[in-house]
Amino acid sequence: MEKDRDVDVDVDVDADLEGAKLLDNGKSTEAPTANSTTTKTKKKKKQRSEQDRLMTEEINQLLAESPLEKNVTCGFWIFKGKFYQLFANQTAYVLLYGIVGCIFSMTYAYFNGTITTIEKRFRIPSKNTGIISVGNDISQTMVSAVLAYYAGKGHRPRWIGFGLLTIVLFCMLTTTPHFLYGPGDDALALTSEFGALPDENATIEAIEEQRSKTLCRLNGRGAECEGNDGNFAPQLILFVAQFISGIGGSLYYTLGVSYMDDNTKKSKTPALLSLSYFLRMLGPAIGYALASFCLRLYIAPQLHPVINNKDPRWLGAWWLGWIIMGGLLAFSGVFLSMFPKELPRAAARRKVEENRRRRENQKLSLQIKENSEKAQLSIDLDPNSKSSQVEVKASFKDMLKTFKRLITNKTYMCNTLSSVFYLVGYTPYWIFTPKYIEVQYRQSAATSSMVTGTVALAFSAVGVLLSGFIISRYKPKARYMAAWNVIVGFLTVAGILAYAFIGCPGNESSVIVNIHDNSLNDSSVTCNSACGCDYVRYSPVCGENNMTYISACHAGCKGQHVNSEGKKIFYDCSCIPGESENSTAQFRRLTSYDMIDDNITLVESSNSFSELELLSSGQAMPGACPVNCWTQFVAFLAVMCCLKFVGATGRASNFLVSVRCVPEKDKTAAMGFGMMVCSSFAFIPSPIFFGWILDRMCLVWGKTCTNKGNCWLYDPQSMRYALNFTAAVFIAIGAIFDTGVWYYVKDLKIFDEDVKEVEMQIVKHEEEVTNEKNTEI
């Protein structure tokens, strides 16, 4: 049977060679017509399908007849056998790898969703939170390249499992502050087990106390500054946890994708890669949902709080989600580490290809050995083929040689530098998009989060899946994919420039900034100079003159009234003209009849004024004045969805170019080196850089006891221009480097069919050389 199979393969090779000669002769005698070109294409496709059929049969026979070797055995220790071997295939790996990626990306979203609760519990300043969050980027910068090099030469699934264990450790360390320091005395004091009594009025009083801090206090009892005297130890633990997660993340991303690419047909890689990307994209949405669920539970679930989650003193069970995600990662990590060093079908395919090459080389050697001393010439024509490369033992010297090869690889470096500039340019949209939507288009935080977390995600997911399956189906050449990346880059620049001109004029002129800074010893008297508003938080109110004020205190409002419907109105506002001609139809002024009907008397008012005088002065309602920015918001949303879709279509092609432009043995090291470069020059500095730009656009700063606080109010127009023009410049530079990739990638082979085509051409060339030598003799 094996002898017959060899004959079939040799006949098939002879037919290919003869067909190649005929085609070459045809080119030299007459110009090809449309019909002849179509016929040739169909013939090539038929030959390829026949070759694939024969190879599939050989692979199936080899799998059935060969004994199970150690490097293709699934499982470890007592967890081995036929049952586990059923999962040693590319489908099981891609699904499990994608699910693990989904859980891993959940951790980032969950951290962002619970960080405000952590800050409140341990009194962590926001600037320290920013330092904590870049801990994983710091570790990736330090170890990703070295780890990728050494682990890439070992058992990659086991190394991935080790990386996932470090992520489990990250989850457990993040919960450690809760178990070391407990829920906190303030939280325990609000439970029935510690003597607190249920009191519905207590929550109302707490809310009212919080609200009253925004009023103008003429008696000097203005809002007090809040000191940041939190414990340093929990902050250190959280930073160490983030640092450790970077180690696991670098192993997961670099080894996981390279293992997938090495153990699948090159033509299937784009579709499988897109599927794994899609599964990872689901993680953030699930992470935010888990954060919402956990924060609805009290920080000590076994106790019974006497307040509800609407109370400002409420602390949610921020630590619970980390245990859930850690358990899921530990469970899935064990199964992922069970995969063999090489999948059985991939190993069989490699052996079949080696046998075919050996037979072709022997056949050619027989033809030329009488006239040439190069009878032992190898015709292994794929420079990235595993059979043409000797496995080099990992060493520091070889690692330096590997990195030198990568740095001198023009295609790889252009692609890596392009990724760096793209990541820098995209940073403000990953981090600040919700804030951008709130500032520019006056949308709520819930709407902003929904847009970025669901709508944009859907378009990105469709783009990733569609591009992956199109590339797998049509197998475009490397230069076409590189050209598409250039087009994507310049389309993105055009879209970002469009962002800069989608503004809301009404939003940019509807806010009154009237700050009287007592710390400057300013003796001038203004409408709110006696109100003590220095430490009042930003809580905008809409005056009846249809202008927005920073807070009720800044509007000079000295009283508030909540009617039976739960609607609040601030009154006696010295900075708002009373009974203004600009009053909108939506604003209904508070009258003495309202006070009588609700059986409520005026509070926080001066006794020297009558009720009529107080109610005739300016009034305001909570929240910024409504500005109709819906048309501009829809336009922004349409452009954003188009950019998300277009940008996602370039992910698979960019990855294929990056891993095919380096030798097979350097693939994993190249991914780790690229991650190190991106972390060093994009992930760490870009948030700081764009944060600095945003700070320069700030109109109103909050104040703390010792320093300047967070920005309360941004200049929408300056923010829109500065943010988008700066991002567009970085992405344009990235597109220029993509043009360099397009130039250098012209001879790069992406798929198996491309490599086979080149092999046939070189075999034909060697035969022509042999014939010429025979003629000369």
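Since the model is a prediction, treat every value here as computed from it, not as a measurement. Residue positions are given per chain, counting from 1 as you read along its sequence in written order. A pLDDT threshold of at least 70 governs which residues receive local features in this predicted model, and a stricter bar of 80 or more applies before side-chain atom pairs are shown or counted, although totals over entire chains, interfaces and linings include all residues. Each side-chain value is worked out from all heavy atoms of the structure, with water and hydrogens disregarded.

A separate point is the side chain of Asn409. Residue position: Asn409 is located in the loop between α14 (396-407) and α15 (410-431). Whether a residue is buried, partly exposed or exposed follows from its accessible area with a 1.4 Å probe, protein chains only, as a fraction of its type maximum: under 20%, in between, or over 50%, in that order. Judged by its relative accessible area of 15%, Asn409 is buried. Whenever two N or O atoms come within 3.5 Å, that pair is a polar contact, provided that in protein one can donate a hydrogen and the other can accept it, and provided that, for residues adjacent in sequence, both atoms are side-chain atoms. Separated by 2.7 Å, the side chain of Asn409 and the backbone oxygen of Cys661 make a polar contact. Put simply, DSSP marks the helices as runs of H or I at least four residues long and the strands as runs of E at least two long, and each gets a number from the N terminus on.

Every angle, taken between N-to-C directions, lies between 0 and 180 degrees, and every axis is a line fitted to C-alpha atoms, over only the stretch in contact when it is a helix. With their axes 9 Å apart at the nearest point, α15 and helix α24 (residues 685-696) run at an angle of 70° to one another. Regarding the angle of α15 to α24, the classification is roughly perpendicular. Crossing of α15 against α24: the hand is right-handed. Here Val424, Thr427, Pro428 and Ile431 of α15 come into contact with α24, specifically with Ser686, Pro687 and Phe690. Taken together, the residues that form the contact of α15 with α24 break down as 5 nonpolar, 2 polar and no charged. Small angles under 35 degrees read as roughly parallel and large ones over 145 as roughly antiparallel, with 65 to 115 read as roughly perpendicular and the rest as oblique. Here a crossing is called left-handed whenever its near helix is offset anticlockwise from the far helix by less than a right angle, and right-handed whenever the offset is clockwise. Pairs of residues are marked as contacts when any of their non-hydrogen atoms sit within 4.5 Å. All residues other than Ala, Val, Leu, Ile, Met, Phe, Trp, Tyr, Cys, Pro, Asp, Glu, Lys and Arg, Gly among them, are scored as polar; the first ten of these are nonpolar and the last four charged.

Right, let's talk about the pattern of salt bridges for a bit. If the charged atoms of two oppositely charged side chains come close together, the side chains can form a pair. When a carboxyl oxygen of Asp or Glu lies within 4 Å of a side-chain nitrogen of Lys or Arg, that pair is called a salt bridge. Evaluated as defined, the whole model comprises 7 salt bridges. As a salt-bridge pair, Asp262 and Arg156 come within 2.8 Å of each other at their nearest N and O atoms. Taken together, the residues Asp262 in helix α10 (residues 232-262) and Arg156 in helix α7 (residues 156-181) connect sequence positions 106 residues apart. Of the residues examined, Arg156 reaches a relative accessible area of 10% and is grouped as buried. With a closest N to O distance of 3.2 Å, Lys667 and Glu664 form a salt bridge. Judged by its relative accessible area of 15%, Glu664 falls in the buried class. Within the structure, one salt-bridge network assembled from shared partners comprises Arg156, Asp261, Asp262, Arg660, Glu664 and Lys667.

On to α14, then. Side chains of residues three or four places apart in an α-helix project in the same direction, reflecting 3.6 residues per turn. The first and last C-alpha atoms of α14 sit 17 Å apart over 12 residues, in line with the 16 Å expected at 1.5 Å per residue. Inspection of α14 places Asp398, Met399, Thr402, Phe403 and Leu406 among the buried residues, and these make up the whole buried set. Angular distribution of buried residues about the axis of α14 spans 140°; they occupy a single face of the element. Exposed residues lying more than 90 degrees from the buried face of α14 are Lys397 and Lys404. Check the buried side of α14 and you find it contacts α6 (135-152), α15 and α23 (667-683). The span you would expect from a helix comes to 1.5 Å times its residue count less one. For this quantity, the arc is that covered by the directions from the helix axis to the C-beta atoms.

Take a nonpolar patch on the surface next. A contiguous nonpolar surface patch, about 370 Å² in accessible area, is contributed by Val146, Tyr150, Phe396 and Leu400. Only α6 and α14 provide two or more residues apiece to the nonpolar patch. Structurally, Leu400 can be placed in helix α14. For patch detection, residues must exceed 30% relative accessible area and be free of salt bridges, and they are connected within 9 Å for like charges or within 5 Å for nonpolar side chains (Val, Leu, Ile, Met, Phe, Trp, Tyr). Every accessible area reported is derived by Shrake-Rupley at a probe size of 1.4 Å, with residue values counting cover from the shown protein chains alone.

In this section: the packing of aromatic side chains. Stacked, edge-to-face and tilted labels apply to pairs of Phe, Tyr and Trp rings (six-membered ring for Trp) whose centres lie within 6.5 Å, assigned for plane angles under 30 degrees, over 60, and everything in between, in that order. Inspection of the entire model under this criterion finds 40 aromatic pairs. Its end group placed over the ring of Tyr743, Lys746 keeps NZ or CZ at 5.1 Å from the ring centre. Throughout this description, the term charge over a ring refers to an Arg CZ or Lys NZ atom that lies within 6 Å of the ring centre and within 35 degrees of the ring normal.

What follows deals with unusual backbone geometry. Phi is positive for Lys475, which is not a glycine, with a value near 50°. Among the secondary structure elements, Lys475 is positioned in the loop between α17 (445-474) and α18 (478-500). Here the phi dihedral of Asp572 falls at roughly 55°; this positive angle occurs in a residue that is not glycine. Overall, Asp572 belongs to the buried group, its relative accessible area being 11%.

Once that is clear, we can look at the state of the cysteines. For the purposes of this analysis, a disulfide is any pair of cysteine sulfur atoms at a distance within 2.5 Å. Applying the stated criterion across every chain yields a total of 6 disulfides. Covalent S-S linkage joins Cys504 and Cys629, the inter-sulfur distance amounting to 1.9 Å. Its S-S torsion of approximately -80° makes the covalent link between Cys504 and Cys629 left-handed. Of the two residues, Cys504 sits in the loop between α18 and β3 (511-512) while Cys629 sits in the loop between β8 (618-622) and α21 (630-649), which places them 125 residues apart along the sequence. For Cys504, a relative accessible area of 1% puts it in the buried group. Take Cys629: its relative accessible area is 1%, and that puts it in the buried class. The disulfide partner of Cys527 is Cys575, and the S-S distance across this bridge is 1.9 Å. Here the S-S torsion is close to 100°, and the disulfide linking Cys527 with Cys575 is therefore right-handed. Taken together, the positions of Cys527 in the loop between β3 and β4 (541-543) and Cys575 in the loop between β7 (568-573) and α19 (592-597) put the pair 48 residues apart, joining distant regions of the chain.

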